[in-house]
Amino acid sequence: MITFLVSIALLIVAYFTYGKFIEKIFGVKETRQTPAYSMKDGVDYIPMGTNRNSLIQLLNIAGVGPIFGPIMGALYGPVAFIWIVLGCIFAGAVHDYLTGMISIRNRGAHLPQLAGKFLGKAMKHIVNAIAVLLLLLVGTVFVTAPAGLLFNLMDGWVTLGIITGAIFVYYIFATLLPVDKIIGRIYPILGALLVISAIGVGVMLIGTGAPIPELTLTNMHPGGDAIFPLLMITIACGAISGFHATQSPIISRTTQNEKSGRRIFYGMMIVEGIIAMIWAAAAMSLFYGQDLSELIATGGAGLVVSEVAFTLLGAIGGTLAVLGVIVLPITSGDTAFRSARMIIADYIKLPQLKIASRLWIALPLFVISFILTNMDFTLLWRYFGVTNAAISAIALFVGAMYLAIQMKFHWVATVPAVFMTMVSFTFIFSAPIGFGLPMTTSYILAGVGTVIVLGLFAYKVKLNRAMDNFEIDEDTSQVA
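Remember, it's a predicted structure, so these values are computed and weren't measured experimentally.

**Q** Would you explain the overall build of the protein in this entry?
**A** Scanning the protein from N- to C-terminus turns up 18 helices and 0 strands. Expected size for 480 residues packed as a compact globule is a radius of gyration near 23 Å; at 21 Å, the protein falls within 12% of this value. Taken along the three principal axes of its C-alpha coordinates, the protein extends 60 × 50 × 40 Å. When the 480 residues of the protein are sorted by exposure, 59% land in the buried category. Each charge sign in the protein was given a centre, from 27 positive and 22 negative side chains, and these centres are 12 Å apart.

In structure tokens, the structure reads:
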């Protein structure tokens, strides 16, 4: 298991090295007042400690993505490890850090507002629509996945409909109440359960000497699905996820000091990458190629989770591990709906101090999501995947623009932004749910589209630099 252990070590080392490098490029201002204080409203803007914020951020971003995605990505073999490590260090963690910190510098703004400011007004409307769509898909996926796991865990003695309804009821309260009432109180506890369950699986893999495959570039997918772009779409949250850009502003509004940003945003993405590595390794170790494929076809990634947990940890440990996995989607689903509510409220400029104002935005979202729960999970995941990739590219371009305008080394964000743009275009052109074109044609068209996007980015950098009154960071010191 040399590849597995080296990969974990690289992720940890990256936090202390590349994470500090990104922090230095950004330029932390420890004395600058954060929105948690300057815009404190008792609902969304509330100062909370670094430990609390870190665990909340981890649970916000770590839905079923770093577990279900890597399990399905394990079908490709150890090449999945490469994507998780490189994607997490150079793309995902950079993406999360920049979106979180730029939001802090701009009054806790969500991605649509940031895209409108840095990439052009038209992008605000485009990103707003895509972001709300993504959050609806995330919320729906993160209802069906935990409901299925709970149904299996309780051996069917509570109906799936009742479980789904109970999750929706929780989501309604978590979406409407102030952030410190439910999310701020129970997330640190649930975060501990999540980390313990992942560590338990990882320790047992090492302790039992599990036969984790070593590094190879060979595509082992039983169906022969192309590594690029399908692996990048399948393993999203464990490497890079645009969904995170919708979650970071929740914590940017509760962060007490900019110095905490690397731990909260970059660090928690590294933790998510480690979780993804553990579950990918477990799936590769306990099941081989066709066996894993058949298991996923029979009961989805959720069945693999149960098999891994109970095989490695026994009845009690397995139950706790599955509960830890169930926590993930539920604690990302609620903040997905919360983010959607906040984004829509910001877009239509509707204050959220009154619960009635929150209610009339949130309820239609839940109704739409309930309707979407009747869709096939695999199809939902594919739509989620491509929307997720597109949002991540846009968020990275926002970060790149923020750095480029200040003549800072923007390539740390521009390179992964270009890569994810290529991934998104290739998938859209080649996938059956897209245009269904041959791969060679898709690569060519995606390459042309990516070059055009990069050219537009360079042109926008030139325009923004020429503006004398471009306000990179919004002054919040005078905000009541």
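**Q** Even after reading the chapter, I still don't get the pattern of salt bridges, so can you show me in this structure?
**A** Following the criterion strictly, the structure yields 10 salt bridges and no others. Residue Arg-338 is joined to Asp-44 by a salt bridge in which the shortest nitrogen-to-oxygen separation is 2.9 Å. Here Arg-338 is found in helix α14 (residues 290-348), whereas its partner Asp-44 is found in the loop between α3 (35-38) and α4 (50-61), with 294 residues between them in sequence. For Arg-338, a relative accessible area of 0% puts it in the buried group. Across the pair Asp-44 and Arg-341 runs a salt bridge whose closest N-O atoms are separated by 3.3 Å. Separated by 297 residues along the polypeptide, Asp-44 in the loop between α3 and α4 and Arg-341 in helix α14 bring together distant segments of the chain. The residues Asp-44 and Arg-341 share a single accessibility class, namely buried. Here the salt bridges share partners, and the residues they tie into one network are Lys-29, Arg-105, Glu-258 and Asp-473.

**Q** Mind showing me how you'd approach the environment of Ala-226 here?
**A** Considering the arrangement of structural elements, one finds Ala-226 in the loop between α10 (183-207) and α11 (227-234). For Ala-226, a relative accessible area of 24% corresponds to the partly exposed category. With 213 residues separating them along the chain, Ala-226 and Met-439 place their C-alpha atoms 8.9 Å apart. When neighbours within four sequence positions are excluded, Ala-226 is seen to be in contact with Tyr-76, Asn-219, Leu-231 and Met-439.

**Q** How do you make sense of the nonpolar core when you look at a structure like this?
**A** In terms of nonpolar packing, the biggest core is built from 153 residues, with Ile-71, Phe-118, Tyr-266, Trp-279, Leu-292 and Val-304 touching the most fellow members. Sort the elements by how many residues they give to this core and α14 lands first, with 20 residues. Apart from residues no more than four positions distant in its own chain, Trp-279 is found in contact with Pro-66, Ile-67, Ile-71, Val-201, Val-305, Val-308 and Val-325.

**Q** Please clarify how a nonpolar patch on the surface should be interpreted in this entry.
**A** A cluster of nonpolar side chains, Phe-21, Phe-409, Trp-411 and Val-415, forms an exposed patch at the surface whose accessible area comes to about 410 Å². Structurally, Trp-411 can be placed in helix α17 (residues 411-430).

**Q** Got a minute to help me understand the packing of helix α1 (residues 2-16) against helix α6 (residues 79-105) in this structure?
**A** Packed helix pairs are specified by the crossing angle of their axes together with the interaxial distance, meaning the distance between the axes. Put simply, α1 and α6 touch, their axes get as near as 10 Å, and they point 5 degrees apart. Judged by the angle between their axes, α1 and α6 are roughly parallel. Each of Thr-3, Ser-7, Leu-10, Leu-11 and Ala-14 in α1 lies in contact with α6, whose residues at this interface are Phe-81, Val-85, Cys-88 and Ile-89. When its residues are assigned to classes, the contact of α1 with α6 shows 7 nonpolar, 2 polar and no charged.

**Q** How should I be thinking about the layout of surface pockets in this particular structure?
**A** It is a probe the size of a water molecule, rolled over the atoms, that shows where empty space is left. Space inside the second largest pocket adds up to approximately 680 Å³. For the second largest pocket, the lining is made up of 24 residues, of which Met-123, Ala-390, Ile-394, Phe-425 and Val-453 are closest to its centre. Listed by contribution, the elements that provide at least two residues to the lining of the second largest pocket are α8 (121-153), α16 (377-405), α17 and α18 (439-466). Take the lining of the second largest pocket: its biggest share by element is 8 residues, from α16. Taken together, the residues of the lining of the second largest pocket sort by class into 19 nonpolar, 4 polar and 1 charged.

**Q** Even after reading the chapter, I still don't get helix α15 (residues 355-372), so can you show me in this structure?
**A** Residues three or four positions apart in an α-helix share a direction because the helix packs 3.6 residues into each turn. A rise of 1.5 Å per residue sets the reference length of α15, with its 18 residues, at 26 Å; its end C-alpha atoms lie 26 Å apart and thus fit the reference within 8%. Taken residue by residue, α15 has Ser-357, Arg-358, Ile-361, Ala-362, Leu-365, Phe-366, Ser-369 and Leu-372 as its buried positions.

**Q** Can you walk me through the packing of α4 against helix α13 (residues 261-286) in this structure?
**A** Relative to each other, α4 and α13 sit at 45 degrees, their axes nearing to 9 Å. Between α4 and α13, the angle falls in the class oblique. For the pair α4 and α13, the crossing hand works out as right-handed. Seen from α4, the contacting residues are Thr-50, Asn-51, Asn-53, Ser-54, Gln-57, Leu-58 and Ile-61; seen from α13, they are Arg-263, Ile-264, Phe-265, Met-268, Met-269, Val-271 and Glu-272.

**Q** How should I be thinking about the packing of aromatic side chains in this particular structure?
**A** The relation between two aromatic rings is expressed through the spacing of the ring centres and the mutual angle of the planes. Throughout the structure, instances matching the rule amount to 18 aromatic pairs. Here the aromatic rings of Phe-168 and Phe-366 are separated by 6.2 Å at their centres, their planes lie at 85 degrees, and the arrangement is edge-to-face. Of this pair, Phe-168 sits in helix α9 (residues 160-176) while Phe-366 sits in helix α15, and the two are 198 residues apart along the sequence. What makes Phe-168 buried here is its relative accessible area of 8%. Note on Phe-366: relative accessible area 6%, which makes it buried. Ring geometry for Tyr-170 against Tyr-171: centres 6.0 Å apart, planes inclined by 55 degrees, an arrangement best described as tilted. Judged by relative accessible area, Tyr-170 falls into the partly exposed class, the value being 21%. Connected via pairs of aromatic rings, a cluster forms that spans Phe-168, Tyr-170, Tyr-171, Phe-337, Phe-366 and Phe-370.

**Q** Is there a simple way to think about α4 in this case?
**A** Compared with an ideal rise of 1.5 Å per residue, which puts 12 residues at 16 Å, α4 spans 16 Å between its outermost C-alpha atoms and is within 8% of the ideal. For α4, the set of buried residues is Asn-53, Ser-54, Ile-56, Gln-57, Leu-58, Leu-59, Asn-60 and Ile-61.

**Q** Which parts of the structure should I look at to understand the environment of Ile-8?
**A** Within the element layout of this structure, Ile-8 appears in helix α1. The exposure class of Ile-8 is buried, given its relative accessible area of 16%. Placed 265 residues apart in sequence, Ile-8 and Gly-273 show a C-alpha to C-alpha distance of 8.5 Å. Not counting residues up to four positions away in its chain, the partners in contact with Ile-8 are Ile-274 and Met-277.

The rules behind these values
Residues numbered from 1 in each chain as written. Predicted model: local features only at pLDDT ≥ 70, side-chain atom pairs only at ≥ 80, totals over all residues. Heavy atoms only, no water. Helix = DSSP H or I, 4+ residues; strand = E, 2+ residues; numbered from the N terminus. Rg over C-alpha atoms; globule rule 2.2 N^0.38 Å. Buried < 20%, exposed > 50% of the residue type's maximum accessible area, 1.4 Å probe, protein only. Lys, Arg positive; Asp, Glu negative; His and termini not counted. Charge placed at Lys NZ, Arg CZ, Asp CG, Glu CD. Salt bridge = Lys/Arg side-chain N within 4 Å of Asp/Glu carboxyl O. Contact = heavy atoms within 4.5 Å. Core = buried A, V, L, I, M, F, W, Y, C linked by side-chain atoms within 4.5 Å. Patch = residues over 30% accessible without salt bridge, like charges linked within 9 Å, V, L, I, M, F, W, Y side chains within 5 Å. Areas by Shrake-Rupley, 256 points an atom, 1.4 Å probe, with all protein chains shown as cover. Axes fitted to C-alpha atoms, helices over the stretch in contact; angles between N-to-C directions. Parallel < 35°, antiparallel > 145°, perpendicular 65-115°, else oblique. Nonpolar A, V, L, I, M, F, W, Y, C, P; charged D, E, K, R; others polar. 1 Å grid on protein atoms, 1.4 Å probe; cavity = no way out; pocket = protein on both sides within 12 Å on 5 of 7 lines; lining within 4 Å. Points joined across faces, edges and corners; volume = space filled by probe spheres on them. Expected span 1.5 Å × (residues − 1). Left-handed = near helix turned anticlockwise from the far one by under 90°. Phe/Tyr/Trp six-rings, centres within 6.5 Å; stacked < 30°, edge-to-face > 60°.

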